[in-house]
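Summary of the model geometry
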Amino acid sequence: MRSLFRSLPRLRLLSVVRSSVRDIPEEEWLSSVACIGHSWVEAPRLQVLDLSRAWLSWKSTGELLSHLRALPALREMYLQGCEVSQTAVEYLMETEVSAETPGSPFVQFSRQCEEGSISDAADSLRWAVEASERPVVPLCVLNLHECHLQDDALETLSEGLELHPSLTNLDITNNQFTSEGLRRFCTSLGRNASLRRVCLGAQHSLQSEERQICEALCRNQSLEHVTLEAVACQSTLEQVTGQSGWLHILEFNRLQSLGLRGCQLSSVRFLLSPLCASTCRLTSLDLSENFLGPSCGPSLGLLLAENLSLRLLDLSSNKLQDEGVRGLFESLTTRNRTLTSLSLNHNGLGEASATALLSCLQSNRKLRSVCMNRNPGISNPLLQGLCQITFGGP
């Protein structure tokens with residue numbers, strides 16, 4: 001393995017793929033992972049490490065990440081789908097790893113000495129000494145989506161977040177932490193000054209934590225891109241609008257993209273004031289998988305009529321029906337000339353909506369991408385083709 005890395009001295013991106021958890025026995029896969037980790041010293045220029053399809057277990061992830069200091073140029077790490085423990089997060093955030101930390105080179109050295117594996121023990125000790133002399137890995141992008149993160153790992157991540165000066169992009173959606181763990185994270189998020197993009201969410205709907213999340217986003221002064229998944233936040237968002245709430249950042253030209261996916265929204269009225277302000281810089285809005293329904297049609301139409309900055313709008317899976325999108329297409333036909341991409345997948349739309357889209361496109365030259373898939377009410381083959389079209393040109 002080392003000879004392979006040695007033959008690629010300019011390697012910048014590495015993707016480790018395991019086609020399925022049954023493809024290779026776990027012990028054999030762990031041995032392969034360990035070999036990869038020990039070989040990283042031959043890839044000092046590696047900048048992007050993608051393990052999102054490696055199906056790593058707790059043990060495998062810890063083994064691989066224990067060698068991170070051998071990658072001084074690493075900037076982006078993708079671990080979605082891998083099992084990530086507290087020890088693994090310690091390696092990622094470069095907090096203190098003691099001689100008792102499971103999976104550390106010190107523990108490996110002790111175990112190998114007891115087993116009589118002198119050559120392996122020497123390698124582990126040599127790596128431990130070298131690692132202690134290397135600089136901290138300055139990660140910029142860290143994706144921990146669906147990594148089975150629990151409260152202890154989130155606690156370590158929170159501690160590192162306050163001290164990590166280079167991290168700009170963080171995704172911790174669809175994990176297993178509790179309300180208590182998330183509260184601690186929100187405290188650190190409010191103090192962080194480096195993050196530009198954050199994605200928050202859990203495997204269960206977050207309701208009691210909604211205020212802590214919103215307040216943390218309000219305190220943070222660096223975020224430009226925010227995505228919330230399965231955070232039941234409508235009541236809090238409606239309560240905290242104004243100078244004391246985090247939505248006022250939309251009016252003071254900081255936030256550029258906002259995702260409220262699966263947040264149990266049944267109205268968008270609370271978004272109208274900040275999004276329709278002349279100072280709003282938001283270019284991307286994701287409201288997919290909510291409960292908006294046909295009654296939100298007038299508000300959505302007003303939003304597109306008054307907003308001057310949005311380029312991308314995703315309203316998929318909202319049960320809008322033909323009535324709910326009528327106002328959208330009217331605004332796109334007569335008023336809006338900034339939106340370039342619109343997603344209306346899975347909304348119970350019929351041929352009336354497809355016909356309205358056709359009429360809209362005759363006068364709107366800015367709309368370049370339209371997606372209206374999974375709407376069985378649109379049965380005409382020509383209209384079906386129209387509803388998933390992308391236009392070229394300036």
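What counts and what doesn't
Residues numbered from 1 in each chain as written. Predicted model: local features only at pLDDT ≥ 70, side-chain atom pairs only at ≥ 80, totals over all residues. Heavy atoms only, no water. Helix = DSSP H or I, 4+ residues; strand = E, 2+ residues; numbered from the N terminus. Contact = heavy atoms within 4.5 Å. Areas by Shrake-Rupley, 256 points an atom, 1.4 Å probe, with all protein chains shown as cover. pLDDT = per-residue confidence, 0-100. Polar contact = N/O pair within 3.5 Å; in protein donor to acceptor, adjacent residues only side chain to side chain. Expected span 1.5 Å × (residues − 1). Salt bridge = Lys/Arg side-chain N within 4 Å of Asp/Glu carboxyl O. Buried < 20%, exposed > 50% of the residue type's maximum accessible area, 1.4 Å probe, protein only. Bend = angle between axes of the 7 residues up to and from the residue. Axes fitted to C-alpha atoms, helices over the stretch in contact; angles between N-to-C directions. Parallel < 35°, antiparallel > 145°, perpendicular 65-115°, else oblique. Left-handed = near helix turned anticlockwise from the far one by under 90°. Nonpolar A, V, L, I, M, F, W, Y, C, P; charged D, E, K, R; others polar. Pairing = 2+ DSSP bridges.

1. A closer look at the overall build of the protein
- Across its full length, the protein carries 16 helices and 13 strands.
- Contacts spanning at least 24 positions in sequence make up 81% of the contacts within the protein whose residues lie at least 6 apart.
- Summed over all atoms, the accessible surface of the protein reaches about 17600 Å², with 51% contributed by carbon and sulfur.

2. Details of the confidence of the model for the protein
- When pLDDT is averaged along the protein, the result is 79; 75% of the residues meet or exceed 70.
- Scored below 50 in pLDDT, residues 240–246 shows 16 contacts in the model against residues more than four places distant or in partner chains.

3. Describing the side chain of E63
- Within the secondary structure layout, E63 lies in helix α3 (residues 58–65).
- Side-chain polar atoms of E63 contact the side chain of H67, separated by 3.1 Å.

4. Some points on helix α7 (residues 151–163)
- For α7, which comprises 13 residues, the first-to-last C-alpha distance of 19 Å matches the rise-based estimate of 18 Å (1.5 Å per residue) to within 8%.
- Elements in contact with the buried residues of α7: α4 (86–93), β4 (141–143), β5 (169–171) and α8 (179–191).

5. Side note on the pattern of salt bridges
- Across all of its chains, the model carries five salt bridges by this definition.
- Put simply, E229 and R261 hold a salt bridge, and the shortest N to O gap is 2.3 Å. One end of the pair, E229, is in strand β7 (residues 225–231); the other, R261, is in strand β8 (residues 257–261), with 32 residues separating them in the sequence.
- Judged by its relative accessible area of 26%, R261 falls in the partly exposed class.
- Among the salt bridges present, the one from D286 reaches R261, with a minimum N-O distance of 3.0 Å. Separated by 25 residues along the polypeptide, D286 in strand β9 (residues 284–286) and R261 in strand β8 bring together distant segments of the chain.
- Linked through salt bridges whose partners overlap, the residues forming this network are E229, R261 and D286.

6. Details of the environment of L300
- Along the chain, the position of L300 falls in helix α13 (residues 297–306).
- In the structure, L300 is positioned 28 residues away from L272 in sequence and 8.7 Å away in space, judged by C-alpha atoms.
- Those residues within four positions of L300 in sequence are excluded, and the remaining contacts are V268, L315, L320, G324 and L328.

7. Side note on helix α14 (residues 321–334)
- Spanning 14 residues, α14 covers 21 Å between terminal C-alpha atoms, matching the ideal 20 Å at 1.5 Å per step.
- Helix geometry: α14 is bent most strongly at G327, by close to 25°.
- Looking at α14, one finds that the buried residues are G324, V325, G327, L328, F329, S331 and L332.
- Against the buried residues of α14 lie α13, β10 (312–314), β11 (341–343) and α15 (351–361).

8. Quick look at the packing of helix α2 (residues 26–39) against α3
- Between α2 and α3, whose axes approach to 8 Å, the crossing angle comes to 15°. With respect to α3, the element α2 is oriented roughly parallel. Helix-helix and strand crossings are classified by hand; for α2 and α3 the assignment is right-handed. Residue-level inspection shows E26, W29, L30, V33, A34, I36, G37 and H38 of α2 in contact with α3, the latter providing K59, S60, E63 and L64.
- Grouping the constituent residues of the contact of α2 with α3 by class yields six nonpolar, three polar and three charged.

9. Description of the side chain of S222
- Looking at where S222 falls in the secondary structure, it is placed in the loop between α9 (210–219) and β7.
- A polar atom in the side chain of S222 sits 2.6 Å from the backbone oxygen of L195.
- Excluding anything up to four places from it in sequence, S222 contacts N192, A193, S194, L195, R196 and R254.

10. Brief notes about the packing of α3 against α4
- Look at α3 against α4: their axes get within 9 Å of each other, and the N-to-C directions meet at 25°. Comparing their axes, α4 and α3 come out roughly parallel. For the pair α3 and α4, the sense of crossing is left-handed. Contacts from T61, G62 and L65 in α3 reach A88, Y91 and L92 in α4.
- In the contact of α3 with α4, the residues fall into four nonpolar, two polar and no charged.

11. Describing the environment of R45
- Examined against the element boundaries, R45 turns out to sit in the loop between α2 and β2 (48–53).
- Taking the C-alpha atoms as reference, R45 lies 9.0 Å from L13; in sequence the two are 32 residues apart.
- With sequence-adjacent residues up to four places away left out, R45 is seen in contact with P9, R10, L11, R12 and A73.

12. Description of the pairing of strand β1 (residues 13–17)
- A one-sided burial pattern is seen for β1, the buried positions being L14 and V16 and the unburied ones L13, S15 and V17.
- Pairing analysis gives four bridges linking β1 to β2, with the strands arranged parallel. Residue pairing across strands places V17 opposite R53, the latter belonging to β2.

13. Overview of unusual backbone geometry
- One non-glycine residue, E146, lies in positive phi territory at about 55°.
- Positionally, E146 belongs in the loop between β4 and α7.
- On the accessibility criterion, E146 (35% relative accessible area) is partly exposed.
- Despite not being glycine, Q321 shows a phi value in the positive range, around 60°.
- With respect to the secondary-structure elements, Q321 resides in helix α14.

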